[in-house]
Amino acid sequence: MWIVPRIWKFTDSINTDDILPGKYAPYMVGEDVFQNYAFAHLRADFASNMQAGDILLAGKNWGLGSSREYAPKALKKLNVGAIIAQSFARIHYRNLVNLGIPAFTSYKAYGLFNDSENVSFDYKNAVLSSANHEIRLEPVPRFLQESLELGSVLEYYKKYRRFPSEDIG
Amino acid sequence: MNTALTLAEQILSYKAAKTVLADEIVVVEVDQVMIVDSIAPDVIRIINEDLGGEIKFPEKISIVIDHVSPASNIEVAKAQKQAREFAQKHAIKLFDVGRGICHQLLIEEKRAKPGEIILGSDSHSTTYGAVSAFGTGMGASDIAMAASSGKTWLKVPKTVKVNFLGKKKKNVYAKDIALEMIRQLTADGATYASIEYHGLEDFSLSERMTMANLAVEAGAKVGLIPVSGLLLNDYNVPDWLFVDKDANYFKEIEIDISKIESVVAAPSFVDNVQTVKSIQNKKVDQVFVGSCTNGRLDDLHIVADILKNKKVAEGTRLLVIPASSKVLEEAVADGTFASLLASGAIFATPGCGPCMGRHMGILAPDEVCVSTTNRNFIGRMGSAQSEVFLASPATAAYTALRGFISGGENA
């Protein structure tokens, strides 16, 4: 059965402790189960109720705080479809792209879509649409697109033995 | 005529062997890769499984067991054992349990020097900017690739210049000044940018570490303080690294230090900065003095002086964790340790302690902690219903004495 993705709507300033609290790091609880604690403090129903492909929609400064790659890794293990935010914190954005999690910037999308709303997402063209709205998002910078497509920066590095940015300039 | 460059542009231009400006992307060799215990399992797995087990410059790597130190459960103990074995196999410098916090150790051991690039698997790697090193935090994949290849890619950050003027009032410390800076910039006011700190010539190395440490709480990639004052006795500054007045800053702010009072960052954002005076009758269950932000000898001195011949308030716990074994040894040697014990402080093993809520002082629901650390997010130090107020060591000490949030102004 094809499951229609839904929106999980978050506020501004969702930090890495919100995404995965430090006490539930794989280092503490084990590699197999840590993803079940995603948003444990903020939205305890997330890990059990989300479906693969669901879209996280947030305000500004998504992912501020820690460099912990296991926070986005938890989202990857849960097969989050994409993260769309008004802006991203630096280290976390790089971690998202490195892990091959589609992350798009859009100021407008936040006001157009509601929590729980069903949507469809065209990854290739970065277009998010619901019954009422359709919006094209700012694409991932071109030099990072191939690592996203290959699944992770490590796959890119293994394939080319160079960093994504070495293609430019 | 040479182009005028910011400190960040100078460091990345030197490493790239060509002039690079903000927003350009460079691939550079790094001088040091720092790996902490909690990230080591991922880094080791990536190196072994994806990068052929190759480590190009083991002498440029440090592994530090500080985030849960000593181990709190079997999972952690296994990961630490693996990190030790990996360090030994590759002849990598290991700072084991009890040696202290990564950022403190790299600066104490001069593994971070002016003009160098230091990548850390910890967001507070901006601390190395205290000695004009380009310190920045990255996740496990980037850290593993850098540890293996000796290189990384970086976008040259644009720079926010912060000019500090005036002298501190009594009871005001570097922590108050850094928090005021974050209040003004906001938690994303320096996203992707370098913060360049000017006017801190009188600041000690420890104070500079507090200032640079908190740069990331304004979203910054790096927080660079020009080497000046007494630091010139201890550090050689390369001749290409200097403050160029004509450099291109994308934002410039001025902060009058003499107007700053004791402040706290109230729950649950670091830029939610309020004066201590404005917070009335807030009962505190735990006071924590420690961390890479404020766990150094001068911080312990400030607390011991305020508590001298006095006792911590009944019903309040004062937990002190020195930032390194060296800080602990010095505090023992100069009587600070005994003085704090006599006042009722509890000590624990040098390391990160309860800062990120894993061990050594977890908070119960409804408990309140005044902490000299750097983050006060929901559930950061334990229960999601607990509260963390970030403060200077002095505010922590006055609070411990009264059992309520208090600064020197209340004394």
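As the structure is a computational prediction, the values presented were derived from the model and not from experiment. (Residues numbered from 1 in each chain as written. Chains lettered and ligands numbered in written order. Predicted model: local features only at pLDDT ≥ 70, side-chain atom pairs only at ≥ 80, totals over all residues. Heavy atoms only, no water.)

Points about the packing of aromatic side chains
Residues and elements named next belong to chain A. One pass over the full model with this rule turns up 16 aromatic pairs over all chains. Aromatic pair tyrosine 156 and tyrosine 160: ring centres 4.7 Å apart, planes at 50°, arrangement tilted. Here tyrosine 156 and its partner tyrosine 160 are both found in helix H8 (residues 153–160), four residues apart, which amounts to about one turn of the helix. We classify tyrosine 160 as partly exposed; its relative accessible area is 28%. Each member of the aromatic cluster is reached from another via a ring pair, and the members are Trp8, Phe10, Phe39, Phe46 and Trp62. A cation sits over an aromatic face here: arginine 6 above tryptophan 8, 3.6 Å from the ring centre. One cation-aromatic arrangement involves arginine 43 over phenylalanine 10; the distance from NZ or CZ to the ring centre is 5.5 Å. (Phe/Tyr/Trp six-rings, centres within 6.5 Å; stacked < 30°, edge-to-face > 60°. Helix = DSSP H or I, 4+ residues; strand = E, 2+ residues; numbered from the N terminus. Buried < 20%, exposed > 50% of the residue type's maximum accessible area, 1.4 Å probe, protein only. Lys NZ or Arg CZ within 6 Å of the ring centre and 35° of its normal.)

Description of the pattern of salt bridges
Pairs may arise between side chains of opposite charge once their charged atoms sit close together. Using the criterion set out here, one finds 31 salt bridges over all chains in the structure. When the shortest N-O distance is used, the salt bridge between B:Lys113 and B:Glu116 registers 3.6 Å. For B:Glu116, a relative accessible area of 14% gives the class buried. For B:Glu180, the salt bridge identified is with B:Arg183, shortest N-O distance 2.9 Å. Here the residue B:Glu180 and the residue B:Arg183 both occupy positions in helix H6 (residues 174–185), the gap between them amounting to three residues, near one helical turn. Salt bridges sharing partners connect three or more residues here, namely A:Glu31, A:Lys73, B:Asp42 and B:Arg45. (Salt bridge = Lys/Arg side-chain N within 4 Å of Asp/Glu carboxyl O.)

Looking at the interface of chain A and chain B
At the interface, 46 residues of chain A touch 53 residues of chain B. Together chain A and chain B conceal approximately 4100 Å² of surface at their shared face, both sides included; 56% is due to carbon and sulfur atoms. Contact with chain B buries surface across chain A, with A:Tyr27, A:Arg90 and A:Arg94 losing the most and accounting together for 23% of the total. The partner of B:Asp188 in a salt bridge is A:Lys60, and the shortest N-O contact between them spans 3.6 Å. Where chain A meets chain B, there are 23 residue pairs in polar contact (both at pLDDT 80 or more). Here the residues of the side of chain A that touches chain B sort into 20 nonpolar, 13 polar and 13 charged. (Contact = heavy atoms within 4.5 Å. Buried area = accessible area lost by both parts, 1.4 Å probe. Polar contact = N/O pair within 3.5 Å; in protein donor to acceptor, adjacent residues only side chain to side chain. Nonpolar A, V, L, I, M, F, W, Y, C, P; charged D, E, K, R; others polar.)

So, the domain arrangement of chain B
Residues and elements named next belong to chain B. Each assigned domain of chain B is listed here: domain 1 (7–236 + 245–255) and domain 2 (265–410). Contacts between domain 1 and domain 2 engage 34 residues on the former and 39 residues on the latter. Counting each side, the surface lost to burial between domain 1 and domain 2 is near 2900 Å², with a carbon and sulfur contribution of 57%. Between domain 1 and domain 2 we count one salt bridge in total. With a closest N to O distance of 3.1 Å, arginine 375 and glutamate 217 form a salt bridge. Listing elements by their share of the side of domain 1 that touches domain 2, those giving two or more residues are helix H4 (102–108), H6 and helix H7 (205–213). (Domains from an automatic or database assignment.)

Quick word on the sheet that holds strand S9 (residues 194–198) of chain B
Residues and elements named next belong to chain B. Judged by pairing direction, the sheet is parallel, and its four strands sit side by side in the order S10-S9-S8-S11 without closing on themselves. Unpaired on one side and paired on the other, strand S10 (222–224) and strand S11 (251–256) mark the two borders of the sheet. The mean inter-strand angle of the sheet, taken between neighbouring strand axes irrespective of direction, is 20°. Examined bridge by bridge, strand S8 (residues 159–165) and S9 share five bridges and lie parallel to one another. Counterpart to valine 162 in the pairing with S9 is tyrosine 197. Strands S8, S9 and S11 of the sheet are contacted by H6, whose axis makes an angle of about 135° with S11. (Pairing = 2+ DSSP bridges. Axes fitted to C-alpha atoms, helices over the stretch in contact; angles between N-to-C directions.)

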